[in-house]
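Read off the chains here:
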Number of protein chains: 2
Amino acid sequence: MTSLDPTGRSLDDYPRPSVAVDTAVLTVARGALCVLLVRAPDAEPSLAWRLPGTFLHVGETLADAVTRSLRQKAGVADLHPQQLHVFDDPARDDRGRVLSVAHLAVVRADRVPARDGNRLVPVADVPALPFDHGAIIGFAVTALRERYRTAPDPSGLVDAAEPDGSFTLRELRLVHEAVAGHRLPPDAFRRTMRHHLTETGRTSTGRRGKPAELYRRRGGPSVPE
Amino acid sequence: MTSLDPTGRSLDDYPRPSVAVDTAVLTVARGALCVLLVRAPDAEPSLAWRLPGTFLHVGETLADAVTRSLRQKAGVADLHPQQLHVFDDPARDDRGRVLSVAHLAVVRADRVPARDGNRLVPVADVPALPFDHGAIIGFAVTALRERYRTAPDPSGLVDAAEPDGSFTLRELRLVHEAVAGHRLPPDAFRRTMRHHLTETGRTSTGRRGKPAELYRRRGGPSVPE
DNA sequence: CAAATAGTGTCTATAAGACACTATTGA
DNA sequence: TCAATAGTGTCTTATAGACACTATTTG
(Lines give C-alpha, C1' and ligand atoms only; values in the text may rest on other atoms or scores of the structure.)
Protein backbone atom coordinates (compact mmCIF):
# COMPACT_ATOMS: atom_id res chain seq x y z
CA MET A 1 0.00 0.00 0.00
CA THR A 2 3.00 2.27 0.21
CA SER A 3 4.23 1.92 -3.36
CA LEU A 4 4.09 4.96 -5.54
CA ASP A 5 2.41 5.66 -8.81
CA PRO A 6 4.43 7.22 -11.64
CA THR A 7 3.89 10.75 -10.36
CA GLY A 8 5.55 9.83 -7.09
CA ARG A 9 2.41 10.24 -5.03
CA SER A 10 0.83 7.43 -3.08
CA LEU A 11 -2.73 6.35 -3.67
CA ASP A 12 -3.75 7.99 -0.42
CA ASP A 13 -2.92 11.45 -1.73
CA TYR A 14 -5.83 11.42 -4.16
CA PRO A 15 -9.31 12.38 -3.08
CA ARG A 16 -11.55 9.52 -4.10
CA PRO A 17 -15.10 9.37 -5.32
CA SER A 18 -17.66 7.13 -3.70
CA VAL A 19 -18.74 4.23 -5.87
CA ALA A 20 -22.30 2.97 -5.82
CA VAL A 21 -24.10 0.20 -7.64
CA ASP A 22 -27.69 0.56 -8.80
CA THR A 23 -29.53 -2.36 -10.33
CA ALA A 24 -32.51 -2.66 -12.63
CA VAL A 25 -34.08 -5.99 -11.69
CA LEU A 26 -36.22 -6.98 -14.67
CA THR A 27 -38.88 -9.64 -14.73
CA VAL A 28 -42.03 -10.64 -16.58
CA ALA A 29 -45.26 -10.33 -14.63
CA ARG A 30 -48.79 -10.50 -16.03
CA GLY A 31 -47.48 -10.49 -19.59
CA ALA A 32 -45.43 -7.31 -19.20
CA LEU A 33 -41.76 -6.57 -18.72
CA CYS A 34 -41.48 -5.06 -15.23
CA VAL A 35 -38.77 -3.46 -13.14
CA LEU A 36 -38.43 -3.76 -9.38
CA LEU A 37 -38.62 -0.50 -7.43
CA VAL A 38 -37.95 -0.32 -3.71
CA ARG A 39 -38.98 2.33 -1.19
CA ALA A 40 -36.24 4.40 0.37
CA PRO A 41 -37.47 5.01 3.94
CA ASP A 42 -35.96 8.43 4.56
CA ALA A 43 -36.45 10.07 1.18
CA GLU A 44 -39.08 12.69 0.41
CA PRO A 45 -42.29 10.94 -0.68
CA SER A 46 -42.30 12.01 -4.33
CA LEU A 47 -38.91 10.37 -4.90
CA ALA A 48 -39.11 7.53 -2.39
CA TRP A 49 -39.34 4.76 -5.01
CA ARG A 50 -36.09 3.96 -6.75
CA LEU A 51 -33.82 1.18 -7.95
CA PRO A 52 -32.13 -0.87 -5.25
CA GLY A 53 -28.52 0.15 -4.79
CA THR A 54 -25.73 0.48 -2.28
CA PHE A 55 -22.22 1.78 -1.86
CA LEU A 56 -19.36 -0.46 -2.81
CA HIS A 57 -17.39 -1.65 0.19
CA VAL A 58 -13.64 -1.77 -0.16
CA GLY A 59 -12.60 -5.36 -0.79
CA GLU A 60 -15.94 -6.24 -2.35
CA THR A 61 -16.58 -6.83 -6.04
CA LEU A 62 -19.31 -4.96 -7.86
CA ALA A 63 -21.27 -8.18 -8.32
CA ASP A 64 -21.04 -8.82 -4.57
CA ALA A 65 -22.32 -5.34 -3.83
CA VAL A 66 -25.25 -5.84 -6.19
CA THR A 67 -26.07 -9.19 -4.62
CA ARG A 68 -25.87 -7.70 -1.13
CA SER A 69 -28.08 -4.74 -1.99
CA LEU A 70 -30.75 -6.92 -3.60
CA ARG A 71 -30.79 -9.34 -0.70
CA GLN A 72 -31.03 -6.58 1.91
CA LYS A 73 -33.32 -4.15 0.12
CA ALA A 74 -35.64 -6.47 -1.80
CA GLY A 75 -35.12 -9.99 -0.47
CA VAL A 76 -34.06 -11.27 -3.87
CA ALA A 77 -31.21 -13.78 -4.03
CA ASP A 78 -29.12 -15.73 -6.50
CA LEU A 79 -28.82 -13.21 -9.29
CA HIS A 80 -26.15 -12.86 -11.89
CA PRO A 81 -25.83 -9.16 -12.44
CA GLN A 82 -24.42 -7.75 -15.65
CA GLN A 83 -22.67 -4.38 -15.79
CA LEU A 84 -24.29 -1.80 -18.02
CA HIS A 85 -22.69 1.62 -17.70
CA VAL A 86 -21.02 3.98 -15.27
CA PHE A 87 -22.98 7.15 -14.58
CA ASP A 88 -20.48 9.86 -13.75
CA ASP A 89 -22.14 13.25 -13.84
CA PRO A 90 -20.34 15.13 -11.02
CA ALA A 91 -23.67 16.70 -10.01
CA ARG A 92 -25.74 13.51 -10.04
CA ASP A 93 -25.77 13.20 -6.24
CA ASP A 94 -25.82 16.28 -4.04
CA ARG A 95 -24.24 14.38 -1.15
CA GLY A 96 -20.91 14.43 -2.94
CA ARG A 97 -19.04 12.82 -5.78
CA VAL A 98 -20.67 9.46 -6.39
CA LEU A 99 -20.13 7.26 -9.40
CA SER A 100 -22.85 4.73 -10.02
CA VAL A 101 -22.17 1.48 -11.83
CA ALA A 102 -25.53 0.48 -13.31
CA HIS A 103 -26.36 -3.20 -13.45
CA LEU A 104 -29.01 -5.46 -14.93
CA ALA A 105 -30.36 -8.50 -13.11
CA VAL A 106 -33.08 -10.81 -14.39
CA VAL A 107 -35.25 -12.97 -12.19
CA ARG A 108 -38.53 -14.83 -12.39
CA ALA A 109 -41.35 -12.83 -10.81
CA ASP A 110 -42.11 -15.57 -8.28
CA ARG A 111 -38.69 -15.01 -6.73
CA VAL A 112 -39.42 -11.38 -5.88
CA PRO A 113 -41.01 -11.41 -2.42
CA ALA A 114 -44.21 -9.41 -1.98
CA ARG A 115 -43.25 -6.74 0.55
CA ASP A 116 -44.45 -3.33 1.49
CA GLY A 117 -41.22 -1.85 0.15
CA ASN A 118 -41.25 -3.74 -3.18
CA ARG A 119 -43.11 -2.76 -6.35
CA LEU A 120 -43.02 -4.39 -9.79
CA VAL A 121 -43.77 -1.68 -12.32
CA PRO A 122 -44.20 -2.26 -16.07
CA VAL A 123 -41.31 -0.57 -17.81
CA ALA A 124 -43.80 1.35 -19.95
CA ASP A 125 -45.28 2.95 -16.78
CA VAL A 126 -42.17 3.87 -14.81
CA PRO A 127 -42.65 7.17 -12.97
CA ALA A 128 -40.00 9.87 -12.61
CA LEU A 129 -37.14 8.48 -10.55
CA PRO A 130 -34.28 10.16 -8.68
CA PHE A 131 -30.64 10.18 -9.85
CA ASP A 132 -30.17 8.45 -13.24
CA HIS A 133 -32.49 5.61 -12.42
CA GLY A 134 -34.75 6.23 -15.40
CA ALA A 135 -31.76 6.08 -17.76
CA ILE A 136 -30.50 2.93 -16.06
CA ILE A 137 -33.81 1.22 -16.79
CA GLY A 138 -33.46 2.28 -20.41
CA PHE A 139 -30.00 0.70 -20.63
CA ALA A 140 -31.29 -2.45 -18.92
CA VAL A 141 -34.29 -2.88 -21.21
CA THR A 142 -32.14 -2.41 -24.30
CA ALA A 143 -29.62 -4.98 -23.07
CA LEU A 144 -32.30 -7.52 -22.19
CA ARG A 145 -34.08 -7.10 -25.52
CA GLU A 146 -30.82 -7.65 -27.35
CA ARG A 147 -30.15 -10.75 -25.25
CA TYR A 148 -33.60 -12.17 -26.09
CA ARG A 149 -33.51 -11.30 -29.79
CA THR A 150 -32.00 -14.57 -30.99
CA ALA A 151 -31.73 -16.97 -28.05
CA PRO A 152 -34.62 -18.79 -26.34
CA ASP A 153 -35.19 -17.37 -22.86
CA PRO A 154 -31.49 -17.01 -22.05
CA SER A 155 -32.22 -15.76 -18.52
CA GLY A 156 -34.74 -18.41 -17.50
CA LEU A 157 -37.87 -16.25 -17.26
CA VAL A 158 -40.27 -18.95 -18.47
CA ASP A 159 -42.33 -20.11 -15.51
CA ALA A 160 -42.83 -23.65 -16.75
CA ALA A 161 -45.92 -25.55 -15.69
CA GLU A 162 -44.01 -28.82 -16.17
CA PRO A 163 -42.08 -30.06 -13.12
CA ASP A 164 -39.00 -30.82 -15.26
CA GLY A 165 -38.81 -27.25 -16.55
CA SER A 166 -39.75 -28.05 -20.12
CA PHE A 167 -42.08 -25.60 -21.87
CA THR A 168 -44.15 -25.13 -24.98
CA LEU A 169 -43.29 -22.76 -27.79
CA ARG A 170 -46.33 -20.71 -26.80
CA GLU A 171 -45.03 -20.20 -23.26
CA LEU A 172 -41.64 -19.29 -24.66
CA ARG A 173 -43.14 -16.87 -27.15
CA LEU A 174 -45.26 -15.09 -24.53
CA VAL A 175 -42.11 -14.39 -22.49
CA HIS A 176 -40.29 -13.10 -25.56
CA GLU A 177 -43.26 -10.91 -26.46
CA ALA A 178 -43.28 -9.42 -22.96
CA VAL A 179 -39.56 -8.68 -23.18
CA ALA A 180 -39.80 -7.25 -26.70
CA GLY A 181 -42.87 -5.20 -25.88
CA HIS A 182 -44.78 -6.33 -28.96
CA ARG A 183 -46.30 -9.43 -30.56
CA LEU A 184 -44.07 -11.86 -32.45
CA PRO A 185 -45.26 -13.87 -35.46
CA PRO A 186 -45.75 -17.43 -34.11
CA ASP A 187 -44.55 -19.29 -37.19
CA ALA A 188 -41.37 -17.33 -37.70
CA PHE A 189 -40.69 -17.45 -33.96
CA ARG A 190 -41.06 -21.20 -33.97
CA ARG A 191 -38.72 -21.68 -36.89
CA THR A 192 -36.06 -19.41 -35.41
CA MET A 193 -36.09 -20.80 -31.87
CA ARG A 194 -36.43 -24.44 -32.82
CA HIS A 195 -32.72 -24.67 -33.69
CA HIS A 196 -31.81 -23.88 -30.10
CA LEU A 197 -34.29 -26.29 -28.50
CA THR A 198 -34.43 -30.02 -27.83
CA GLU A 199 -37.70 -31.92 -28.08
CA THR A 200 -38.68 -33.90 -25.01
CA GLY A 201 -41.05 -36.10 -27.01
CA ARG A 202 -43.84 -35.27 -24.59
CA THR A 203 -46.73 -32.87 -25.07
CA SER A 204 -48.50 -30.43 -22.80
CA THR A 205 -52.09 -31.10 -21.83
CA GLY A 206 -55.02 -29.46 -20.10
CA ARG A 207 -55.26 -26.38 -22.30
CA ARG A 208 -57.83 -25.74 -24.97
CA GLY A 209 -56.43 -26.61 -28.40
CA LYS A 210 -54.08 -29.16 -29.87
CA PRO A 211 -51.50 -30.39 -27.35
CA ALA A 212 -48.14 -28.67 -27.80
CA GLU A 213 -44.71 -30.26 -27.93
CA LEU A 214 -42.60 -29.70 -24.84
CA TYR A 215 -39.06 -28.44 -25.39
CA ARG A 216 -35.97 -27.80 -23.37
CA ARG A 217 -33.20 -25.31 -24.03
CA ARG A 218 -30.27 -26.89 -25.80
CA GLY A 219 -27.23 -26.64 -23.55
CA GLY A 220 -28.96 -25.00 -20.61
CA PRO A 221 -29.39 -21.29 -19.84
CA SER A 222 -26.82 -18.81 -21.12
CA VAL A 223 -26.77 -17.14 -17.73
CA PRO A 224 -26.36 -19.88 -15.11
CA GLU A 225 -28.88 -19.81 -12.29
CA MET B 1 -22.12 17.16 1.86
CA THR B 2 -23.59 16.65 5.29
CA SER B 3 -26.78 14.91 4.28
CA LEU B 4 -27.15 11.32 5.27
CA ASP B 5 -27.81 8.17 3.33
CA PRO B 6 -30.60 5.84 4.45
CA THR B 7 -28.41 4.08 6.99
CA GLY B 8 -27.79 7.34 8.78
CA ARG B 9 -24.11 7.46 7.97
CA SER B 10 -22.54 10.24 5.96
CA LEU B 11 -20.63 9.54 2.77
CA ASP B 12 -17.37 10.28 4.56
CA ASP B 13 -17.77 7.26 6.83
CA TYR B 14 -17.21 4.81 4.00
CA PRO B 15 -13.74 3.81 2.88
CA ARG B 16 -13.62 4.47 -0.84
CA PRO B 17 -11.85 2.74 -3.68
CA SER B 18 -9.64 4.64 -6.08
CA VAL B 19 -11.06 4.91 -9.57
CA ALA B 20 -8.82 4.80 -12.61
CA VAL B 21 -9.48 4.99 -16.32
CA ASP B 22 -7.48 2.94 -18.81
CA THR B 23 -7.95 3.41 -22.53
CA ALA B 24 -7.34 1.24 -25.54
CA VAL B 25 -6.59 3.71 -28.34
CA LEU B 26 -7.18 1.82 -31.57
CA THR B 27 -6.07 2.86 -35.01
CA VAL B 28 -5.24 1.42 -38.41
CA ALA B 29 -1.58 1.57 -39.42
CA ARG B 30 0.05 -0.27 -42.32
CA GLY B 31 -3.13 -2.24 -42.98
CA ALA B 32 -3.44 -3.59 -39.46
CA LEU B 33 -5.57 -2.74 -36.46
CA CYS B 34 -3.17 -1.40 -33.84
CA VAL B 35 -3.35 -0.35 -30.21
CA LEU B 36 -1.34 2.44 -28.63
CA LEU B 37 0.97 1.41 -25.78
CA VAL B 38 2.88 3.94 -23.68
CA ARG B 39 5.96 3.47 -21.55
CA ALA B 40 5.56 3.84 -17.80
CA PRO B 41 8.89 5.41 -16.68
CA ASP B 42 9.18 3.89 -13.23
CA ALA B 43 7.88 0.37 -13.87
CA GLU B 44 10.07 -2.71 -14.12
CA PRO B 45 11.21 -3.14 -17.72
CA SER B 46 9.23 -6.28 -18.56
CA LEU B 47 5.95 -4.54 -17.76
CA ALA B 48 6.83 -0.98 -18.72
CA TRP B 49 4.54 -0.86 -21.77
CA ARG B 50 0.86 -0.51 -21.00
CA LEU B 51 -2.34 1.29 -21.89
CA PRO B 52 -2.47 4.98 -21.06
CA GLY B 53 -4.48 5.61 -17.92
CA THR B 54 -4.84 7.85 -14.92
CA PHE B 55 -6.74 8.24 -11.70
CA LEU B 56 -10.06 10.00 -11.77
CA HIS B 57 -9.95 13.37 -10.08
CA VAL B 58 -12.91 14.35 -7.95
CA GLY B 59 -15.13 16.69 -9.94
CA GLU B 60 -13.93 15.30 -13.26
CA THR B 61 -15.95 13.10 -15.58
CA LEU B 62 -14.57 9.80 -16.80
CA ALA B 63 -14.38 11.16 -20.34
CA ASP B 64 -12.39 14.14 -19.08
CA ALA B 65 -9.97 11.85 -17.26
CA VAL B 66 -9.49 9.78 -20.41
CA THR B 67 -8.89 12.91 -22.47
CA ARG B 68 -6.40 14.26 -19.92
CA SER B 69 -4.48 10.97 -19.71
CA LEU B 70 -4.19 10.66 -23.48
CA ARG B 71 -3.06 14.24 -23.89
CA GLN B 72 -0.45 13.97 -21.13
CA LYS B 73 0.81 10.44 -21.72
CA ALA B 74 0.59 10.12 -25.50
CA GLY B 75 0.03 13.59 -26.92
CA VAL B 76 -3.25 12.53 -28.53
CA ALA B 77 -6.14 14.99 -28.47
CA ASP B 78 -9.75 15.31 -29.48
CA LEU B 79 -10.98 11.84 -28.80
CA HIS B 80 -14.46 10.66 -27.97
CA PRO B 81 -13.95 7.80 -25.56
CA GLN B 82 -16.56 5.11 -25.10
CA GLN B 83 -16.93 3.21 -21.84
CA LEU B 84 -16.40 -0.53 -22.09
CA HIS B 85 -16.36 -2.23 -18.69
CA VAL B 86 -15.36 -1.78 -15.09
CA PHE B 87 -12.60 -4.10 -13.93
CA ASP B 88 -13.10 -4.70 -10.24
CA ASP B 89 -10.97 -7.59 -9.08
CA PRO B 90 -9.95 -6.50 -5.55
CA ALA B 91 -6.46 -7.91 -6.15
CA ARG B 92 -5.90 -6.33 -9.57
CA ASP B 93 -3.60 -3.60 -8.21
CA ASP B 94 -1.28 -4.30 -5.30
CA ARG B 95 -1.17 -0.62 -4.36
CA GLY B 96 -4.70 -0.87 -2.97
CA ARG B 97 -8.29 -1.08 -4.05
CA VAL B 98 -8.46 0.38 -7.55
CA LEU B 99 -11.38 0.09 -9.91
CA SER B 100 -10.54 0.63 -13.56
CA VAL B 101 -13.11 1.89 -16.01
CA ALA B 102 -11.89 0.64 -19.39
CA HIS B 103 -12.46 2.86 -22.41
CA LEU B 104 -12.12 2.69 -26.16
CA ALA B 105 -10.90 5.60 -28.26
CA VAL B 106 -10.41 5.56 -32.01
CA VAL B 107 -8.09 7.89 -33.87
CA ARG B 108 -6.38 8.09 -37.24
CA ALA B 109 -2.77 6.94 -37.03
CA ASP B 110 -1.43 10.29 -38.25
CA ARG B 111 -2.76 11.92 -35.08
CA VAL B 112 -0.66 9.73 -32.80
CA PRO B 113 2.65 11.59 -32.37
CA ALA B 114 5.82 9.57 -32.87
CA ARG B 115 7.50 9.65 -29.46
CA ASP B 116 9.95 7.55 -27.58
CA GLY B 117 7.20 6.59 -25.14
CA ASN B 118 4.59 5.69 -27.79
CA ARG B 119 4.23 2.38 -29.63
CA LEU B 120 1.55 1.29 -32.07
CA VAL B 121 1.31 -2.49 -31.83
CA PRO B 122 -0.90 -4.68 -34.05
CA VAL B 123 -3.59 -6.17 -31.85
CA ALA B 124 -2.56 -9.63 -33.05
CA ASP B 125 0.94 -9.09 -31.60
CA VAL B 126 0.22 -7.52 -28.22
CA PRO B 127 2.67 -8.73 -25.58
CA ALA B 128 1.77 -9.59 -21.99
CA LEU B 129 0.59 -6.45 -20.25
CA PRO B 130 0.17 -5.56 -16.57
CA PHE B 131 -3.19 -5.28 -14.78
CA ASP B 132 -6.16 -6.19 -17.01
CA HIS B 133 -4.78 -4.35 -20.01
CA GLY B 134 -4.86 -7.41 -22.25
CA ALA B 135 -8.52 -7.98 -21.46
CA ILE B 136 -9.29 -4.31 -22.04
CA ILE B 137 -7.84 -4.57 -25.55
CA GLY B 138 -10.07 -7.60 -26.14
CA PHE B 139 -13.17 -5.64 -25.11
CA ALA B 140 -12.08 -2.71 -27.27
CA VAL B 141 -11.46 -4.78 -30.39
CA THR B 142 -14.81 -6.53 -30.02
CA ALA B 143 -16.62 -3.21 -29.61
CA LEU B 144 -14.87 -1.65 -32.61
CA ARG B 145 -15.53 -4.65 -34.84
CA GLU B 146 -19.20 -4.55 -33.92
CA ARG B 147 -19.29 -0.83 -34.67
CA TYR B 148 -17.71 -1.38 -38.11
CA ARG B 149 -19.82 -4.41 -39.02
CA THR B 150 -22.62 -2.51 -40.73
CA ALA B 151 -21.71 1.18 -40.94
CA PRO B 152 -19.09 2.74 -43.22
CA ASP B 153 -16.08 3.91 -41.19
CA PRO B 154 -18.15 5.25 -38.29
CA SER B 155 -15.06 6.51 -36.45
CA GLY B 156 -13.38 8.28 -39.35
CA LEU B 157 -10.33 6.06 -39.79
CA VAL B 158 -10.13 6.45 -43.57
CA ASP B 159 -7.13 8.60 -44.38
CA ALA B 160 -8.58 10.10 -47.54
CA ALA B 161 -6.24 11.24 -50.28
CA GLU B 162 -8.88 13.74 -51.43
CA PRO B 163 -8.76 17.15 -49.75
CA ASP B 164 -12.54 17.14 -49.21
CA GLY B 165 -12.45 13.87 -47.29
CA SER B 166 -14.22 11.78 -49.92
CA PHE B 167 -12.90 8.28 -50.50
CA THR B 168 -13.17 5.30 -52.79
CA LEU B 169 -14.85 2.05 -51.86
CA ARG B 170 -11.45 0.41 -52.01
CA GLU B 171 -10.02 2.78 -49.38
CA LEU B 172 -13.09 2.18 -47.24
CA ARG B 173 -12.84 -1.57 -47.62
CA LEU B 174 -9.15 -1.68 -46.69
CA VAL B 175 -9.95 0.08 -43.41
CA HIS B 176 -12.81 -2.32 -42.69
CA GLU B 177 -10.57 -5.28 -43.48
CA ALA B 178 -7.94 -4.01 -41.06
CA VAL B 179 -10.56 -3.60 -38.34
CA ALA B 180 -12.17 -6.98 -39.01
CA GLY B 181 -8.81 -8.74 -39.24
CA HIS B 182 -9.70 -10.54 -42.46
CA ARG B 183 -10.50 -9.90 -46.13
CA LEU B 184 -13.99 -8.81 -47.13
CA PRO B 185 -15.58 -9.75 -50.48
CA PRO B 186 -15.43 -6.54 -52.55
CA ASP B 187 -18.76 -6.94 -54.32
CA ALA B 188 -20.83 -7.72 -51.22
CA PHE B 189 -19.01 -4.96 -49.33
CA ARG B 190 -19.85 -2.46 -52.05
CA ARG B 191 -23.52 -3.40 -52.11
CA THR B 192 -23.85 -3.23 -48.34
CA MET B 193 -22.04 0.06 -47.79
CA ARG B 194 -23.48 1.85 -50.79
CA HIS B 195 -26.77 2.47 -48.96
CA HIS B 196 -24.96 4.57 -46.38
CA LEU B 197 -22.87 6.60 -48.83
CA THR B 198 -23.45 9.58 -51.09
CA GLU B 199 -21.80 9.81 -54.49
CA THR B 200 -19.77 12.92 -55.12
CA GLY B 201 -19.95 12.49 -58.91
CA ARG B 202 -16.15 12.70 -59.09
CA THR B 203 -13.65 9.88 -59.53
CA SER B 204 -10.24 9.17 -58.08
CA THR B 205 -7.24 9.29 -60.36
CA GLY B 206 -3.53 8.49 -60.43
CA ARG B 207 -3.83 4.83 -59.45
CA ARG B 208 -3.41 1.86 -61.75
CA GLY B 209 -6.83 0.57 -62.86
CA LYS B 210 -10.19 2.05 -63.69
CA PRO B 211 -10.86 5.29 -61.83
CA ALA B 212 -13.07 4.75 -58.79
CA GLU B 213 -16.11 6.74 -57.74
CA LEU B 214 -15.58 9.01 -54.76
CA TYR B 215 -18.11 8.78 -51.95
CA ARG B 216 -18.90 10.56 -48.72
CA ARG B 217 -20.59 9.18 -45.64
CA ARG B 218 -24.28 9.96 -45.57
CA GLY B 219 -25.02 12.13 -42.56
CA GLY B 220 -21.46 12.44 -41.31
CA PRO B 221 -19.58 10.26 -38.83
CA SER B 222 -21.51 8.41 -36.11
CA VAL B 223 -18.95 9.51 -33.57
CA PRO B 224 -18.41 13.25 -34.04
CA GLU B 225 -14.80 14.35 -34.39
C1' DC C 1 -69.89 -28.47 -34.09
C1' DA C 2 -67.27 -24.11 -33.00
C1' DA C 3 -63.39 -22.05 -31.02
C1' DA C 4 -58.87 -22.26 -29.89
C1' DT C 5 -54.41 -23.68 -30.27
C1' DA C 6 -50.38 -26.28 -32.73
C1' DG C 7 -47.85 -26.87 -36.52
C1' DT C 8 -46.56 -26.93 -41.74
C1' DG C 9 -46.24 -25.40 -46.69
C1' DT C 10 -45.18 -21.94 -49.51
C1' DC C 11 -44.58 -17.41 -51.57
C1' DT C 12 -42.07 -13.06 -51.39
C1' DA C 13 -38.53 -9.92 -50.20
C1' DT C 14 -34.00 -9.26 -48.65
C1' DA C 15 -29.27 -9.97 -47.96
C1' DA C 16 -24.79 -12.21 -48.41
C1' DG C 17 -21.44 -15.07 -50.70
C1' DA C 18 -19.56 -16.88 -54.94
C1' DC C 19 -18.21 -16.22 -59.42
C1' DA C 20 -18.14 -14.70 -63.96
C1' DC C 21 -18.14 -10.95 -66.76
C1' DT C 22 -17.36 -6.15 -68.70
C1' DA C 23 -15.02 -1.52 -68.30
C1' DT C 24 -11.17 1.54 -67.92
C1' DT C 25 -6.91 2.84 -66.72
C1' DG C 26 -1.36 2.78 -66.25
C1' DA C 27 2.96 0.26 -67.10
C1' DT D 1 -0.89 -5.85 -74.72
C1' DC D 2 -1.09 -7.06 -69.90
C1' DA D 3 -1.98 -6.35 -65.19
C1' DA D 4 -4.66 -4.14 -62.07
C1' DT D 5 -8.57 -2.14 -60.43
C1' DA D 6 -13.78 -0.79 -60.69
C1' DG D 7 -18.13 -2.15 -61.11
C1' DT D 8 -22.31 -5.20 -62.55
C1' DG D 9 -25.14 -9.45 -63.43
C1' DT D 10 -26.69 -13.45 -61.67
C1' DC D 11 -27.01 -17.79 -59.18
C1' DT D 12 -27.37 -19.93 -54.75
C1' DT D 13 -28.39 -20.02 -49.98
C1' DA D 14 -30.54 -18.49 -45.84
C1' DT D 15 -33.81 -15.98 -43.28
C1' DA D 16 -38.01 -13.32 -41.96
C1' DG D 17 -42.64 -12.09 -42.69
C1' DA D 18 -47.16 -13.05 -44.52
C1' DC D 19 -50.75 -16.03 -45.16
C1' DA D 20 -53.19 -20.05 -46.03
C1' DC D 21 -53.87 -24.47 -44.73
C1' DT D 22 -54.22 -28.86 -41.88
C1' DA D 23 -54.37 -31.15 -37.21
C1' DT D 24 -56.09 -31.90 -32.64
C1' DT D 25 -58.07 -30.78 -28.60
C1' DT D 26 -61.82 -28.62 -25.21
C1' DG D 27 -66.27 -26.27 -24.45
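Residues numbered from 1 in each chain as written. Chains lettered and ligands numbered in written order. Predicted model: local features only at pLDDT ≥ 70, side-chain atom pairs only at ≥ 80, totals over all residues. Heavy atoms only, no water.

Caption draft 1: Local environment of the overall build of chain A. When helices and strands are tallied, chain A shows four helices and nine strands. Counting only C-alpha atoms, chain A reaches 70 × 45 × 30 Å along its principal axes. Put simply, chain A has 225 residues, and 47% of those count as buried. Within chain A, contacts between residues at least 6 apart in sequence are counted, and of these 62% link residues at least 24 apart. Split by element, the accessible area of chain A, about 11,200 Å² in all, is 51% carbon and sulfur. (Helix = DSSP H or I, 4+ residues; strand = E, 2+ residues; numbered from the N terminus. Buried < 20%, exposed > 50% of the residue type's maximum accessible area, 1.4 Å probe, protein only. Contact = heavy atoms within 4.5 Å. Areas by Shrake-Rupley, 256 points an atom, 1.4 Å probe, with all protein chains shown as cover.)

Caption draft 2: Fine view of the interface of chain B and chain A. With 33 residues of chain B in contact, the opposing surface of chain A contributes 33 residues. Across the chain B/chain A interface, buried area totals approximately 3,300 Å², and carbon plus sulfur atoms make up 62% of it. At the boundary of chain B with chain A, the tally comes to zero salt bridges. For the interface between chain B and chain A, the tally reads 11 residue pairs in polar contact (both at pLDDT 80 or more). For the side of chain B that touches chain A, the secondary structure elements donating two or more residues are β1 (18-29), α1 (62-74), β5 (82-87) and β6 (98-106) of chain B. For the side of chain B that touches chain A, a count of residues per class yields 18 nonpolar, seven polar and eight charged. (Buried area = accessible area lost by both parts, 1.4 Å probe. Salt bridge = Lys/Arg side-chain N within 4 Å of Asp/Glu carboxyl O. Polar contact = N/O pair within 3.5 Å; in protein donor to acceptor, adjacent residues only side chain to side chain. Nonpolar A, V, L, I, M, F, W, Y, C, P; charged D, E, K, R; others polar.)

Caption draft 3: Up close: the protein's contact with DNA strand C. In the neighbourhood of DNA strand C, 21 residues make up the surrounding shell, with Arg190(A), Arg191(A), Arg194(A), Glu213(A) and Asp187(B) lying closest. A breakdown of the atoms of DNA strand C within 4 Å of the protein gives sugar and phosphate a share of 65%. At a separation of 2.9 Å, a phosphate oxygen of DNA strand C approaches a polar side-chain atom of Arg190(A). (Near = heavy atom within 4 Å.)

Caption draft 4: Quick look at the packing of aromatic side chains. All names here are of chain A. Per the counting criterion, the structure on display carries two aromatic pairs over all chains. On the basis of an interplanar angle of 80° and a centroid distance of 5.7 Å, the ring pair of Phe-87 and Phe-139 is categorised as edge-to-face. Placement of Phe-87 in strand β5 (residues 82-87) and of Phe-139 in helix α2 (residues 133-148) is noted, with a sequence separation of 52 residues between them. Residue classification places Phe-87 among the buried residues on the basis of a relative accessible area of 10%. Since its relative accessible area comes to 35%, Phe-139 is described here as partly exposed. Taking NZ or CZ as reference, Arg-119 lies 4.9 Å from the ring centre of Trp-49, over its face. (Phe/Tyr/Trp six-rings, centres within 6.5 Å; stacked < 30°, edge-to-face > 60°. Lys NZ or Arg CZ within 6 Å of the ring centre and 35° of its normal.)

Caption draft 5: Molecular detail of the UniProt feature "domain: NrtR DNA-binding winged helix" (unreviewed entry) in chain A. Under the UniProt annotation, "domain: NrtR DNA-binding winged helix" (unreviewed entry) lies at residues 166-216 of chain A. The straight-line gap between the two end C-alpha atoms of residues 166-216 of chain A is 5 Å; of that span, 41% is helix and 22% is strand. (UniProt positions renumbered as here; feature names shortened; annotations may be inferred.)

Caption draft 6: The protein's contact with DNA strand D, seen in detail. Near DNA strand D lie 21 residues; those nearest to it are Asp187(A), Arg208(A), Arg190(B), Arg191(B) and Glu213(B). Backbone atoms, meaning sugar and phosphate, make up 66% of the atoms of DNA strand D lying within 4 Å of the protein. A distance of 3.1 Å separates a base nitrogen of DNA strand D from a polar atom in the side chain of Arg191(A). A distance of 3.0 Å separates a phosphate oxygen of DNA strand D from a polar atom in the side chain of Arg194(B). Elements supplying a minimum of two residues to the surface near DNA strand D: α4 (186-194) of chain A together with α4 (186-194) of chain B.

Caption draft 7: The arrangement of the UniProt feature "domain: Nudix hydrolase" (unreviewed entry) in chain A in detail. What UniProt calls "domain: Nudix hydrolase" (unreviewed entry) maps, in this numbering, to residues 23-129 of chain A. Helix makes up 12% of residues 23-129 of chain A and strand 37%, and the two end C-alpha atoms of the span are 13 Å apart.

Caption draft 8: View of the relation of the copies chain B and chain A. Take chain B, turn it by 180°, move it 0.0 Å along the axis, and it overlays chain A with an RMSD of 0.0 Å. Both copies of the chain, as the preceding transformation shows, are related through a two-fold rotation axis. Residue Arg16(B), judged by its C-alpha, is the member of chain B lying nearest the rotation axis, at 3.2 Å. When the interface residues of chain B are mapped onto chain A, 100% of them again fall at the interface, so both copies present the same face. (Least-squares fit on C-alpha atoms with pLDDT ≥ 70 in both.)

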